[in-house]
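Summary of structural features
Okay, here's what each chain looks like letter by letter:
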Amino acid sequence: MSTPSPFDEPETIPNARSIAKREESALDALTLGHGLRLEDLVDREALSEVCKSFFMLFGIPVRIYAQDGQMLADAVQDQAICSYLQGLRDGRAACGATVAAVKGGDPGPTGDATHPCFTGAMYRIVGLDYDGRRLGRVILGPYLPLEVKEVPRSLLKIDSGVDPDKAKELLPKMPRARADTVTRIAKHLQAVLDLILFSGHRALLTSQMHLASVRESYRELQERNLKLTESYEKLKELDRLKSNFLATVSHELRTPLTSILGYSEMLSEGIAGSLNPEQLEFVGTIREKGEQLLALIKSLLDQSKLESGTLSLAMGDVALADVLRDVASTLLPAAKRKGVELSVKLPPYLPNIRGDAERLRQVFLNLAENALKFTETSGSVKLIATTETSTEPPEDDVGFVLFASRPTAILVRVEDTGIGIPPSERGKIFDAFYQVDGSSTREHGGTGLGLSIVKRIVEMHGGSVTVDANAAGRGTVFTVRFPLN
Ligand SMILES: Nc1ncnc2c1ncn2[C@@H]1O[C@H](COP(=O)(O)OP(=O)(O)O)[C@@H](O)[C@H]1O
Ligand SMILES: [Mg+2]
């Protein structure tokens, strides 16, 4: 059984704190040059290799210690005489004392010291310096100096149990070396380690610089992220305030407006006495403008409901043909006044869709009103409904309807021959309050809310709305598509 050498010590396993500490000191190495540590510069494997190759070359045990006394690498062999003395009580104690002294031995300012053993053997303690700083030490030994020819008295009297013959037999098995040879070995070892330290330092600096720059970019990113989140939250809050404001104001405007409309209607009907033609005309204008204002307020209310997600649909079966006819008849008088031809074109059969008839009417009224508004005299506005069909057999196909086409969607086109919308504007017109001509001097009235409401209501019905130039060469086409399922 081999007795453990007193040089042995339990392996230290790095924990999170020691790693953090190491990072910290490595960063020190980068920034201030303080706290540079041997174990940060070279890995233990490299040190181990150096120790092994020196041991193989010269046969003298080598150990490398960090400045804090931690052993980093070694290449050793049990010495027969040492193992023998370890088996004796006093011998073992003396051995332990020697090793402790050697381990704690300071190579001093010259960086070179020796420590004798009572066996006559020697230890050489050499400082490991880098960049003017002591990072650790190398211990060479034990080795037997050439001049020790016989078993010294100090060995024989160390323990009453020492057998002189045994000691005489075992001591010469220790590697022998001349002092100047050991000096050369030590110098050589120092030079090799210096080289390793230099390249290790360079690698450490590079990796630390990289680490620092990554950390810095990460920190910057985090900061920007935080700012973005803050702005986003602020915007969300503003948006909410705006919606609240819209809802409140619209509601408060509607109440008095209802009275204005009601009283002007009573006046024009002569309930408060008959009016002369001029008075009748004035009251008519009050009513007309009041209706416009009411429509505007309704749009604002719809918009805020759509934004807050509180608009609900009264779903039912809707015949789009009826809706389109109704829209056309509503706008016919205005179209006539303007000299614009308004027509509705329907296929012989149009399937019903699920939806809110009143809201769908609003959609097509908005689109048709726009078409009429942006079309000059002698132009035309057409409401055209078609079905999209598929000849694919349905999944539950039984065979004999193989070639019958099934409608898969209803398309409604609102075509006009008006001023048209430049392609670059087509993506923006569905935004709330957006108008192509947003100037205060623009010719056409409106708030820019119509299309935004149209888009949202259509989407609530599972449909979509797109805009294109009119193939007729002038004007615009809005296409609303409702898939049938
Ligand atoms: N048929 C159309 N022809 C030309 N421009 C249109 C047409 N429909 C909409 N637009 C453009 O889109 C803008 C937004 O329309 P809309 O949301 O209905 O708002 P508003 O009608 O209140 O201006 C209009 O101001 C106009 O610039
Ligand atoms: Mg409009």
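To be clear, the structure that these remarks concern was listed above.
Residues numbered from 1 in each chain as written. Chains lettered and ligands numbered in written order. Predicted model: local features only at pLDDT ≥ 70, side-chain atom pairs only at ≥ 80, totals over all residues. Heavy atoms only, no water.

1. With respect to the environment of leucine 360
When you line up the elements, leucine 360 lands in helix α11 (residues 357-373). Between the alpha carbons of leucine 360 and histidine 461 there is a distance of 9.1 Å; along the sequence they are 101 residues apart. With residues near it in sequence (within four places) discarded, leucine 360 still touches Val318, Leu320, Val323, Ile353, Gly355, His461 and Phe482. (Helix = DSSP H or I, 4+ residues; strand = E, 2+ residues; numbered from the N terminus. Contact = heavy atoms within 4.5 Å.)

2. Considering the pattern of salt bridges
Across all of its chains, the model carries 22 salt bridges by this definition. Between arginine 134 and aspartate 106 there is a salt bridge, with its nearest N and O atoms 4.0 Å apart. Placement of arginine 134 in strand β5 (residues 133-145) and of aspartate 106 in the loop between α5 (89-103) and β3 (112-116) is noted, with a sequence separation of 28 residues between them. What makes aspartate 106 exposed here is its relative accessible area of 58%. Through salt bridges with shared partners, a single ionic network connects Arg37, Glu39 and Asp40. (Salt bridge = Lys/Arg side-chain N within 4 Å of Asp/Glu carboxyl O. Buried < 20%, exposed > 50% of the residue type's maximum accessible area, 1.4 Å probe, protein only.)

3. Observations concerning the site of ligand 1
By nearness alone, 20 residues border ligand 1, and Asn370, Gln435, Thr447, Gly448 and Leu451 come closest of all. One of the backbone N or O atoms of valine 436 is found 3.0 Å from an oxygen atom in ligand 1. In the complex, the protein chains occlude 95% of the 530 Å² of accessible area that ligand 1 would expose alone. In terms of residue count, the dominant contributor to the shell around ligand 1 is α11 (three residues). Of the residues contributing to the shell around ligand 1, the split by class is 10 nonpolar, eight polar and two charged. (Near = heavy atom within 4 Å. Polar contact = N/O pair within 3.5 Å; in protein donor to acceptor, adjacent residues only side chain to side chain. Areas by Shrake-Rupley, 256 points an atom, 1.4 Å probe, with all protein chains shown as cover. Nonpolar A, V, L, I, M, F, W, Y, C, P; charged D, E, K, R; others polar.)

4. Re the pairing of strand β4 (residues 122-130)
Burial of β4 is extensive: seven of the nine residues sit out of reach of the surface. Relative to β4, β3 runs antiparallel, the two being bridged by five bridges. Across the sheet, residue alanine 113 finds its bridge partner in β4, namely isoleucine 125. Between the antiparallel neighbours β3 and β4 lie five residues, among them glycine 120 with a positive phi of about 95 degrees. Where β4 lies against β5, eight bridges are found, and the strand directions are antiparallel. Pairing of glycine 127 across the sheet is with arginine 137, part of β5. (Pairing = 2+ DSSP bridges.)

5. A look at the packing of aromatic side chains
Counting across every chain of the model gives three aromatic pairs. Look at phenylalanine 54 and phenylalanine 58: their rings are 5.7 Å apart centre to centre, the planes differ by 40 degrees, and that puts the pair in the tilted class. With a gap of four residues between them, phenylalanine 54 and phenylalanine 58 both fall in helix α3 (residues 44-58), about one helical turn apart. With a relative accessible area of 4%, phenylalanine 54 lands in the buried category. Aromatic side chains phenylalanine 364 and phenylalanine 482 sit 6.5 Å apart centroid to centroid with 70 degrees between the ring planes, which places their arrangement in the edge-to-face category. Here phenylalanine 482 lies in strand β13 (residues 476-483) and phenylalanine 364 lies in helix α11, a separation of 118 residues in the sequence. For the residue pair phenylalanine 364 and phenylalanine 482, the accessibility class agrees, reading buried in each case. (Phe/Tyr/Trp six-rings, centres within 6.5 Å; stacked < 30°, edge-to-face > 60°.)

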